[in-house]
Amino acid sequence: MKKKSPLFQIFAYTFLILFAIMNIVPIFWMVINSFKSEQEYAANPFSMPTGFQFSNYAEAWRIANMNVYFFNSLLITFASLIVTVLLGSMAAYFLARFSFKLRGLTYSLFLLGMLVPIHATLIPIFLIMQKLSLIDTYLSLILPYTAFHLSLTVFILEGFMRGFPKDLEESGVMDGAGIFRIFWSIILPITRPAMATVIILNFIYNWNEYLFALVLITSNALKTLPLGLANFVGIETASYTLQMSALTIALIPIIIFYLLLQKQLVTGMTAGAVKG
């Protein structure tokens, strides 16, 4: 393998460091200002806080009614995530490890789903949900979120599973294991790096999705966190520090979720680089 030149490495690391700073600085600025008083923020929004106003978080949580929105987002996000990963992993295993007549066509249909602009389907999905009397229900979001992410889930997992040696299944068959036992006990455990990538991508999209929730959910009791924050920021308060506290609260689950799966994600990226 050809070694990269020192100049290329310096340029690459400089670019990556600058890119990281561009992403970290706005988040750091938001978190720092979430601990300020409104007067302190108005005096200098770029200074460090003289005292940490933890009460901003309690006040933002109470005023924004975030307990309801937080629960709705958790329920919809994890329900969609579980169904997507379960169906996607089984479909990927079937496509990667078995040969059948319509395999190519089936795989192409999954790939075709990645080319469809998601928001171009908003009106048809609204009409379908209306016919099924699912408007303003959890299922009106869980079903589309699941359908939209199956293509990417199958694409990532199928490519990862296809690289496994056939000896894995053969050893399982020799031990008397059936197809589902091989899938659950052998294939899924060694698919964890790719699974971590799929889970993170699905979680972030489901957690942050706004437009479908705006159209398909109308009652306050079922609104997700992005909808609640939109009302909070635009209508319910003019306090910038409370707004930043609410946005920081909404960001915390994504950071925690990423940190929990970071090791598997890095392992998957490293494995992919070695295979390539």
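Provided above is the structure to which this section pertains.
All of the points below concern the structure found in this document. Computed from a predicted structure; not experimentally measured.

Here is what the cut-offs are and how they apply
- Residues numbered from 1 in each chain as written.
- Predicted model: local features only at pLDDT ≥ 70, side-chain atom pairs only at ≥ 80, totals over all residues.
- Heavy atoms only, no water.
- 1 Å grid on protein atoms, 1.4 Å probe; cavity = no way out; pocket = protein on both sides within 12 Å on 5 of 7 lines; lining within 4 Å.
- Points joined across faces, edges and corners; volume = space filled by probe spheres on them.
- Helix = DSSP H or I, 4+ residues; strand = E, 2+ residues; numbered from the N terminus.
- Contact = heavy atoms within 4.5 Å.
- Axes fitted to C-alpha atoms, helices over the stretch in contact; angles between N-to-C directions.
- Left-handed = near helix turned anticlockwise from the far one by under 90°.
- Nonpolar A, V, L, I, M, F, W, Y, C, P; charged D, E, K, R; others polar.
- Buried < 20%, exposed > 50% of the residue type's maximum accessible area, 1.4 Å probe, protein only.
- Core = buried A, V, L, I, M, F, W, Y, C linked by side-chain atoms within 4.5 Å.

### Observations regarding the layout of surface pockets
Working step 1: Its boundaries defined by the atoms lining it, the largest pocket holds a volume of some 180 Å³.
Working step 2: Among the secondary structure elements, those contributing two or more residues to the lining of the largest pocket are helix 5 (103–115) and helix 7 (139–161).
Working step 3: The biggest single contributor to the lining of the largest pocket is helix 7, with five residues.

### Quick look at the side chain of Glu40
Working step 1: Along the chain, Glu40 turns up in helix 2 (residues 38–43).
Working step 2: In this view, Glu40 contacts Met48, Pro49, Thr50 and Gly51; residues no more than four positions away in its chain are not counted.

### Let's talk about the packing of helix 4 (residues 66–97) against helix 7
Working step 1: Where helix 4 contacts helix 7, the axes come no closer than 7 Å and their chain directions differ by 35 degrees. The crossing of helix 4 and helix 7 is right-handed.
Working step 2: Considering only residue class, the contact of helix 4 with helix 7 consists of 16 nonpolar, seven polar and two charged.

### Remarks on empty space enclosed by the protein
Working step 1: Scanning the model with the defined rule gives one cavity of 30 Å³ or more in all.
Working step 2: Space inside the largest cavity adds up to approximately 40 Å³.
Working step 3: Lining of the largest cavity is provided by Ser73, Ile76, Thr77, Tyr145, Asn206, Trp207 and Thr224.
Working step 4: Listing elements by their share of the lining of the largest cavity, those giving two or more residues are helix 4 and helix 10 (192–208).
Working step 5: If you tally residues by element for the lining of the largest cavity, the top one is helix 4, at three residues.
Working step 6: Residues of the lining of the largest cavity, tallied by class, amount to three nonpolar, four polar and no charged.

### Side note on the side chain of Asn56
Working step 1: Position of Asn56 relative to the elements: it lies in helix 3 (residues 55–63).
Working step 2: Judged by its relative accessible area of 9%, Asn56 is buried.
Working step 3: What Asn56 contacts, discounting residues up to four positions off in sequence, is Ser34, Phe35, Lys36, Thr241, Leu242 and Ser245.

### Thoughts on the nonpolar core
Working step 1: Membership of the largest hydrophobic core comes to 38 residues, with the highest contact counts inside it found for Met66, Leu157, Met161, Ile187, Ile199 and Leu225.
Working step 2: Mapped onto this core, the elements with two or more residues apiece are helix 3, helix 4, helix 7, helix 9 (179–190), helix 10, helix 12 (225–236) and helix 13 (240–275).
Working step 3: Non-local contacts of Met66, meaning those with residues more than four positions away in its chain, are made with Ala60, Trp61, Leu225, Leu229, Ala246 and Ile249.
Working step 4: The next biggest cluster of nonpolar side chains, apart from the first, holds 15 residues, and it includes Ile76, Leu141, Tyr145 and Ala213.

By themselves, these observations are geometric and do not establish any function.
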